[in-house]
Amino acid sequence: MMNNLRYEQSVNDDDVFDRLPDSLIHVIFNRISDVKTLIRCRSVSRRFSSLVPQADTLLLRVDRVVSATDPVDADSPLLTFLRSFFKPILDLVSPKPLHDPARSQRSPAQILRGFDRIRELYLELPSGDLRLEKGAVIRWRAEFGRTLRSCVILGFRTGAVGGGDLVGGGLKMRVVWTITALIAASARHYYMVREVVREHEGVERVVVGDREEEGTVVMERDGVRECRESWEEEEEDQDEARASPSNRRGVWWGRSNRTKVPAVRMRMRHVPRLELSGGVRMDGATLVVVKPINGGGGAETEAEEEEEISGTAGMAFGGGVYGEAVEKLLKSRSYILEMNSF
């Protein structure tokens, strides 16, 4: 009887979780993936504190987009003086807040500095970037390396009277949709993807989406490699631009705070009314596949280019209603437009 009590006591005194190997805890942390949750896990124990930074698959939900290169909010000299004068009194009457890396370091690159083995990263923005007219819906997916590699845009209207056409105002509206999606994608690439890739040498894949599922920027392994290889050339371009004011607007990463979109060719398809399974209807359904004119792919003939575009578009949104819409739109006639870099 006494031996059984001693055995039970020894089992209770032993933390069963400590028996788990580090490799299994890594798997658990990668399944959790949420950066803010993992930051809190570091306070659980010394072991957790040492293992959390080794998580290699992360999800960071961003409440506010701030670049790591942006200056911190600057106070006026008067406000700074008043804060320094009243700080001792405030410390006496209010408790000192706990240090929260997710709040004090606002940019994604800064928040992620506590993780040293990131391999795959998903960044989630609080909302989409586009401000559309009532009833318009846009879904887009862009892939980047140093700059844009491809962009697939699906647009349609809900509750519209008629679907419009590609003549006059209809075409103009869809070109505006395309341009705004490309600007949103290039801004995400500039502000978020490049900074993370620069700070974390082990990163192999970065995805930037949003909670509204409006748009997604993707950089795969070969795109990450291309981006890194271009940094030295980019820095030389920036040095040249600073030395020559007339050339400042010609550099790839200019003062516009977004990645420059190269000259592109757009294949646009349009169906006034698209009937989908489950009774879903899209009015004015439009599919645009954007590729750079130079270096946009390996297709040599129009048939090969069409096959390449179909593959790019078919993989953009997966299955579901959007995948079905893309599949049907690919069967319709295409119109080719070209656009200069901007």
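For the structure, check the block above.
Residues numbered from 1 in each chain as written. Predicted model: local features only at pLDDT ≥ 70, side-chain atom pairs only at ≥ 80, totals over all residues. Heavy atoms only, no water.

**Quick notes on the sheet that holds strand S5 (residues 205-210)**
Picture the strands of a sheet paired through backbone hydrogen bonds; they go either parallel or antiparallel. The nine strands are arranged S1-S2-S5-S6-S3-S4-S8-S7-S9 in an open sheet whose pairing can be described as mixed. Bordering the open sheet on either side are strand S1 (57-61) and strand S9 (334-339), each of which pairs with just one other strand. Across this sheet, the average inter-strand angle for adjacent strands is 15 degrees, counted without regard to direction. Relative to S5, strand S2 (residues 120-125) runs parallel, the two being bridged by six bridges. (Pairing = 2+ DSSP bridges. Helix = DSSP H or I, 4+ residues; strand = E, 2+ residues; numbered from the N terminus. Axes fitted to C-alpha atoms, helices over the stretch in contact; angles between N-to-C directions.)

**A word on the nonpolar core**
Leu58, Leu112, Phe115, Trp140, Leu148 and Val290 are the most contacted members of the largest nonpolar core, which has 53 residues in total. For this core, the element with the most residues is helix H8 (residues 169-199), which contributes nine residues. In this structure Leu112 touches Val35, Leu58, Leu60, Ile118, Leu121, Val196 and His200, once residues within four positions along its chain are discounted. Within the second largest apolar cluster, 19 residues are counted, among which are Val137, Ala285, Ala325 and Leu330. (Core = buried A, V, L, I, M, F, W, Y, C linked by side-chain atoms within 4.5 Å. Buried < 20%, exposed > 50% of the residue type's maximum accessible area, 1.4 Å probe, protein only. Contact = heavy atoms within 4.5 Å.)

**Overview of the layout of surface pockets**
If a probe as big as a water molecule is rolled over the atoms, it shows which places are left empty. There is about 310 Å³ of room inside the largest pocket. Taken together, 18 residues form the lining of the largest pocket, with Glu213, Gly215, Thr216, Ala316 and Phe317 sitting closest to its centre. Residue assignment for the lining of the largest pocket shows that the elements contributing at least two residues are S2, strand S3 (136-144), S5 and strand S6 (215-219). If one sorts the elements of the lining of the largest pocket by residue count, S5 sits on top with four residues. Taken together, the residues of the lining of the largest pocket sort by class into seven nonpolar, three polar and eight charged. (1 Å grid on protein atoms, 1.4 Å probe; cavity = no way out; pocket = protein on both sides within 12 Å on 5 of 7 lines; lining within 4 Å. Points joined across faces, edges and corners; volume = space filled by probe spheres on them. Nonpolar A, V, L, I, M, F, W, Y, C, P; charged D, E, K, R; others polar.)

**Observations concerning the packing of aromatic side chains**
Following the criterion strictly, the structure yields three aromatic pairs and no others. Where Phe29 meets Phe48, the ring centres are 5.3 Å apart and the plane angle is 85 degrees; that geometry is what we call edge-to-face. In this pair, Phe29 is assigned in helix H2 (residues 22-32) and Phe48 in helix H4 (residues 46-51), connecting sequence segments 19 residues apart. Summarising the aromatic geometry, the rings of Phe156 and Tyr322 are spaced 6.4 Å apart at their centres and angled 35 degrees between planes, so their arrangement reads as tilted. Here the residue Phe156 occupies a position in strand S4 (residues 148-157), and Tyr322 occupies one in helix H11 (residues 320-329), the gap between them amounting to 166 residues. The class of Tyr322 is partly exposed, set by a relative accessible area of 24%. (Phe/Tyr/Trp six-rings, centres within 6.5 Å; stacked < 30°, edge-to-face > 60°.)

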